[in-house]
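Coordinates in review
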Amino acid sequence: MREITPEIRQLAADMLETMYDAPGIGLAAPQVGVTKRLIVMDCIKEGDPEPMALVNPEILWSSEDVSAYEEGCLSIPDQYAEVKRPAEVQVRWLGLDGTVQERQFAGLWATCVQHEIDHLDGKLFIDYLGPLKRQMITRKMEKLKRERARA
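Model, not experiment: these values are computed from the prediction.

1. With respect to the overall build of the protein
Along the backbone of the protein there are three helices and seven strands. Reading the secondary structure of the protein in the N-to-C direction produces α-β-β-β-β-β-β-β-α-α. Relative to the compact-globule value of 15 Å for 151 residues, the protein shows a C-alpha radius of gyration of 16 Å, a close match. Projected onto the principal axes, the alpha-carbon positions of the protein cover approximately 45 × 40 × 30 Å. In the protein, which comprises 151 residues, the proportion classed as buried is 37%. Here the contacts in the protein between residues at least 6 apart in sequence split such that 57% fall between residues at least 24 apart. Within the structure as shown, the protein displays about 8,900 Å² of accessible surface, and the carbon and sulfur contribution to it stands at 49%.

Shown next, in the form of structure tokens:
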């Protein structure tokens, strides 16, 4: 996306509403069936919210230091696992105001932005897990899918 249209702004607003309702701290357009490079996130759990919408986000730099967070995903309900990722990342994106923005994220924000950008690239947090843990979660999701199909 090179241009921020009213439709993109509305999509971002709808995605933020969906994310907050879930509740979650991040959401990528492919998770809601839209093939656009758009993510939304807000890692503030208490206090004033800091909603962000990032169009065409790209990681410019990743720290060598890593941090581990227990990650979950709205696409894989009720499944969590510890994932190690770079502790800090520098990200560039197009803001909803049409300007190019850059920011260095650390802590939970860094984990969240990497997790959501992964969705844009077709990756899930379980792709970072060892084969046994990944297989266990995959089997649980297949079982849940079968149960929902019968309901």
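The discussion continues.
2. Focus: the pattern of salt bridges
What the rule picks out here adds up to six salt bridges. Its salt-bridge partner being arginine 85, residue aspartate 118 comes within 2.9 Å of it at the nearest N-O pair. Note that aspartate 118 is positioned in helix α2 (residues 107–120) and arginine 85 in strand β5 (residues 76–86), a separation of 33 residues in sequence. Measuring nitrogen to oxygen at the nearest pair gives 3.3 Å for the salt bridge that ties arginine 92 to glutamate 102. On the criterion of sequence distance, the pair formed by arginine 92 in strand β6 (residues 88–94) and glutamate 102 in strand β7 (residues 100–106) is long-range, its members being 10 residues apart. Since its relative accessible area comes to 30%, arginine 92 is described here as partly exposed. Residue class for glutamate 102 comes out partly exposed when judged on its relative accessible area of 45%. One network of salt bridges, in which partners are shared, links Glu58, Arg92 and Glu102.

3. Focus on α2
Spanning 14 residues, α2 covers 21 Å between terminal C-alpha atoms, matching the ideal 20 Å at 1.5 Å per step. Within α2, 12 of the 14 residues are buried, which leaves it mostly tucked inside the rest of the structure. Along α2, the residues classified as buried are Trp109, Ala110, Thr111, Cys112, Val113, Gln114, His115, Glu116, Ile117, Asp118, His119 and Leu120.

4. Re unusual backbone geometry
Alanine 22 connects to proline 23 through a cis peptide bond whose omega is -10°. In this structure, proline 23 sits in the loop between α1 (6–21) and β1 (26–28). Although it is not a glycine, asparagine 56 sits at a positive phi angle of roughly 55°. Its place among the elements puts asparagine 56 in strand β3 (residues 52–62).

5. Remarks on the sheet that holds β1
Strand order in the open sheet made by the five strands is β1-β2-β3-β6-β7, with antiparallel pairing throughout. Of all the strands in the sheet, just β1 and β7 have a single pairing partner and so form its edges. Put simply, the sheet's adjacent strands are angled 40° from each other on average, direction ignored. The sheet contact formed by strand β2 (residues 38–41) and β3 spans four bridges and is antiparallel. Each residue of the ladder has a partner; that of methionine 41, found in β3, is methionine 52. Sheet contacts for α1: β1, β2 and β3; angle to β2, the most-contacted strand, approximately 40°.

6. Concerning the side chain of arginine 85
The class for arginine 85 is buried, based on a relative accessible area of 3%. For arginine 85, the residues in contact, after removing those within four places along its chain, are Asp65, Val66, Ser67, Glu71, Thr111, Gln114, His115, Asp118, Phe125 and Tyr128.

7. What to know about the side chain of histidine 119
With respect to the secondary-structure elements, histidine 119 resides in helix α2. Beyond its immediate chain neighbours, meaning those up to four positions away, histidine 119 contacts Ala28, Pro30, Gln31, Cys73, Ser75 and Leu124.

Quick notes on the rules
Residues numbered from 1 in each chain as written. Predicted model: local features only at pLDDT ≥ 70, side-chain atom pairs only at ≥ 80, totals over all residues. Heavy atoms only, no water. Helix = DSSP H or I, 4+ residues; strand = E, 2+ residues; numbered from the N terminus. Rg over C-alpha atoms; globule rule 2.2 N^0.38 Å. Buried < 20%, exposed > 50% of the residue type's maximum accessible area, 1.4 Å probe, protein only. Contact = heavy atoms within 4.5 Å. Areas by Shrake-Rupley, 256 points an atom, 1.4 Å probe, with all protein chains shown as cover. Salt bridge = Lys/Arg side-chain N within 4 Å of Asp/Glu carboxyl O. Expected span 1.5 Å × (residues − 1). Pairing = 2+ DSSP bridges. Axes fitted to C-alpha atoms, helices over the stretch in contact; angles between N-to-C directions.

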